[in-house]
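Working through the structure, step by step
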Amino acid sequence: MPDFESPLREMAMTMLRLCDVDVHGKRVFIRADLNVPQDDAGRITDDTRIRASLAAIRDALARGAAVMVTSHLGRPVEGKLTDADTLAPIATRLGELLGREVRLIRDWVDGGPWHASLASGDLVLLENCRVNPGEKKDSAELAQRMAHLCDVYCNDAFGTAHRAEATTHAMARYAPLACAGPLLAAELDALGKALDRPRRPLMAIVAGAKVSTKITILRALAAKVDTLIVGGGIANTFILAAGGRIGKSLAEPDLAGEAKAILDMYPGKVPVPVDAVCAQRFAADAPAEAKAIGDIGPDDMILDIGPRTTAALEALVARAGTIVWNGPVGVFEFDAFAEGTKRLALAVAASPAFSIAGGGDTLAAIAKFGVTERIGYISTGGGAFLEFLEGRKLPAVEVLEERGREAAARPPTGESP
Ligand code: ADP
Ligand code: MG
């Protein structure tokens, strides 16, 4: 059974943080997550990730570091930088946000004149790190070359913390000093608060469309939480497991056995929906009808939780001490099937519980219903957030812990820069 407790407690103690490192006069390499969505013309459509990355950059610059920042963008082919892959639009946006010009460096792995002249207070952006051959394979050789560029390696990219790549993992091993940036640290703190030291009752909501990938999360969370709410395609699989009918609804019947095992192992912990909003087709204009689960016919498609299920969910949310939420409980993109998710979002916002939400569509739903500011913590890392919930160790975090333990074990020396 995955265990959240010991790794988190240990992590909090051993991981070095950027704020604790004396960076004055040092070359600091920040692996950020600047992987923003762009339109066909390359224009940035949402700069949240760039703004979230400013804290680390500003802090290092303010304390007199020479700062290099890199990120991946999209899924480029290694060894080939195309117009679609360039960080140029990000350099421009970063420059606007910081009020200074941000130079973009190509072919940076082995340094060069740009590196030799890097001075305290300078900032450069290093081109898309996923273009470098060996990045995705976590190449030790590439990592060593990159590590030569810096005195301090700082990982602030929670969104890619679940991937062992050269800039997220191996580089942390070879850099003279490796630490976590403020964004990465904040994510881990918030997740720790929710899952390691939760105020009870601890409630998890797992919904959305990706049934098979989320069943592992359910198994891990079921052991941990006081109440596990299922919605979306996952709820449909649980309805099947409980002997109900779901018509043409999205579900994974193969996983009903797995769902049944969870229901049997934790009686009363996983309430199965009692009603649903159904339609005959998956369309925005399909007529919607609320039905008790027992009345669902062979042509029905469950597209939202029903009013009775929603009311029960609201009551649970109001009483919760901690809420972890991933996945919209209905097809919130269609107004006729958005009510369950909307009421859930408002209930979470109004609840005195500490709440944490993550997942691309979950955050879109929360934003759509205007409650982003009233959620305790919004996790920016889609895949990493989900893997954390699964109880998996994040490789990028693990290596920082290792380095932190090594640093703590070394006797203090009269270190000179
Ligand atoms: P996240 O990105 O937050 O992890 P997912 O990608 O797993 O969430 O799921 C989000 C999608 O699930 C939404 O686009 C929503 O329309 C869909 N969804 C929710 N409930 C249902 C349902 N009952 N049937 C089909 N799709 C659903
Ligand atoms: Mg999604």
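These notes cover the structure that comes with them. These figures come from a predicted structure and were not determined experimentally. (Residues numbered from 1 in each chain as written. Chains lettered and ligands numbered in written order. Predicted model: local features only at pLDDT ≥ 70, side-chain atom pairs only at ≥ 80, totals over all residues. Heavy atoms only, no water.)

With respect to the packing of helix 3 (residues 54-62) against helix 4 (residues 88-98)
For the pair helix 3 and helix 4, interaxial distance at closest approach is 12 Å and the crossing angle is 60 degrees. By the angle between their axes, helix 3 is oblique relative to helix 4. In terms of crossing hand, the pair formed by helix 3 and helix 4 is right-handed. Residue-level inspection shows L54, I57 and R58 of helix 3 in contact with helix 4, the latter providing L94, L97 and L98. Residue classes in the contact of helix 3 with helix 4 are distributed as five nonpolar, no polar and one charged. (Axes fitted to C-alpha atoms, helices over the stretch in contact; angles between N-to-C directions. Helix = DSSP H or I, 4+ residues; strand = E, 2+ residues; numbered from the N terminus. Parallel < 35°, antiparallel > 145°, perpendicular 65-115°, else oblique. Left-handed = near helix turned anticlockwise from the far one by under 90°. Contact = heavy atoms within 4.5 Å. Nonpolar A, V, L, I, M, F, W, Y, C, P; charged D, E, K, R; others polar.)

Overview of the side chain of N236
Mapped onto the elements, N236 comes out in helix 10 (residues 232-241). If we skip the residues at most four places from it in the chain, N236 touches I246, S249, L250, A251 and I302.

So, the sheet that holds strand 12 (residues 322-326)
Reading across from one edge, 8-7-12-13-14 is the order of the five strands in this open sheet, with parallel pairing throughout. Both outer strands of the open sheet, strand 8 (227-230) and strand 14 (377-378), are each paired with one neighbouring strand and no more. Pairing of strand 7 (residues 202-206) with strand 8 involves four bridges; the strand directions are parallel. Within the sheet, the bridge partner assigned to I205 lies in strand 8 and is I229. Against the sheet, helix 8 (residues 182-195) engages strand 7, strand 12, strand 13 (354-357) and strand 14, with an angle of about 125 degrees to strand 13. Contacts from helix 14 (residues 360-368) reach strand 12, strand 13 and strand 14 within the one sheet, and its direction differs from that of strand 12 by about 110 degrees. (Pairing = 2+ DSSP bridges.)

Remarks on helix 8
For the α-helix, the turn length of 3.6 residues means that residues three or four positions removed from each other point alike. Its 14 residues give helix 8 an end-to-end C-alpha distance of 20 Å, which sits within 8% of 20 Å, the value for a rise of 1.5 Å per residue. Buried residues dominate helix 8, accounting for 10 of its 14 residues. Buried residues of helix 8: L183, L184, A185, E187, L188, A190, L191, G192, A194 and L195, and no others. (Expected span 1.5 Å × (residues − 1). Buried < 20%, exposed > 50% of the residue type's maximum accessible area, 1.4 Å probe, protein only.)

Examining the site of ligand 1
Taken together, 18 residues surround ligand 1, and among them A209, K214, E333, D361 and T362 come closest. In this structure, A209 approaches ligand 1 through a main-chain N or O atom, which is 3.0 Å from an oxygen atom. For ligand 1, a nitrogen atom lies 3.0 Å from a polar atom in the backbone of I302. Contact with the protein chains removes 90% of the 580 Å² of surface that ligand 1 exposes when unbound. (Near = heavy atom within 4 Å. Polar contact = N/O pair within 3.5 Å; in protein donor to acceptor, adjacent residues only side chain to side chain. Areas by Shrake-Rupley, 256 points an atom, 1.4 Å probe, with all protein chains shown as cover.)

Points about the pattern of salt bridges
Two side chains that carry opposite charge are able to pair once their charged atoms sit near each other. Counted by the stated rule, this structure contains 24 salt bridges. Connected via shared salt-bridge partners are D47, R51, R93 and E96. (Salt bridge = Lys/Arg side-chain N within 4 Å of Asp/Glu carboxyl O.)

Describing unusual backbone geometry
Backbone geometry follows two general trends: most residues other than glycine have a negative phi, and most peptide bonds adopt the trans configuration. Backbone torsion omega between R200 and P201 reads -5 degrees, so that peptide bond is classified as cis. Looking at the secondary structure, you find P201 in the loop between helix 8 and strand 7. Although it is not a glycine, D107 adopts a positive phi angle of roughly 45 degrees. The residue D107 is located in the loop between strand 3 (103-105) and helix 5 (113-116) in this model. Under the relative-accessibility criterion, D107 is labelled exposed at 72%. Even without a glycine there, the phi angle at D138 is positive, about 60 degrees.

Considering a positive patch on the surface
Together, R75, K136, K137 and R163 line one region of the surface with positive charge. Mapped onto the elements, R163 comes out in the loop between strand 5 (152-155) and helix 7 (166-174). Relative accessible area serves as the criterion here: at 31%, R163 is assigned to the partly exposed category. (Patch = residues over 30% accessible without salt bridge, like charges linked within 9 Å, V, L, I, M, F, W, Y side chains within 5 Å. Lys, Arg positive; Asp, Glu negative; His and termini not counted. Charge placed at Lys NZ, Arg CZ, Asp CG, Glu CD.)

Notes on the state of the cysteines
Within this structure, the stated rule accounts for zero disulfides. Free of any disulfide, C129 has its nearest cysteine sulfur in C150, 14 Å distant. Here C129 falls in the buried class, since its relative accessible area comes to 0%. Sulfur of C179: no disulfide; nearest cysteine sulfur belongs to C154 and is 4.2 Å away. (Disulfide = S-S within 2.5 Å.)

Shape descriptors only; they carry no functional weight alone.
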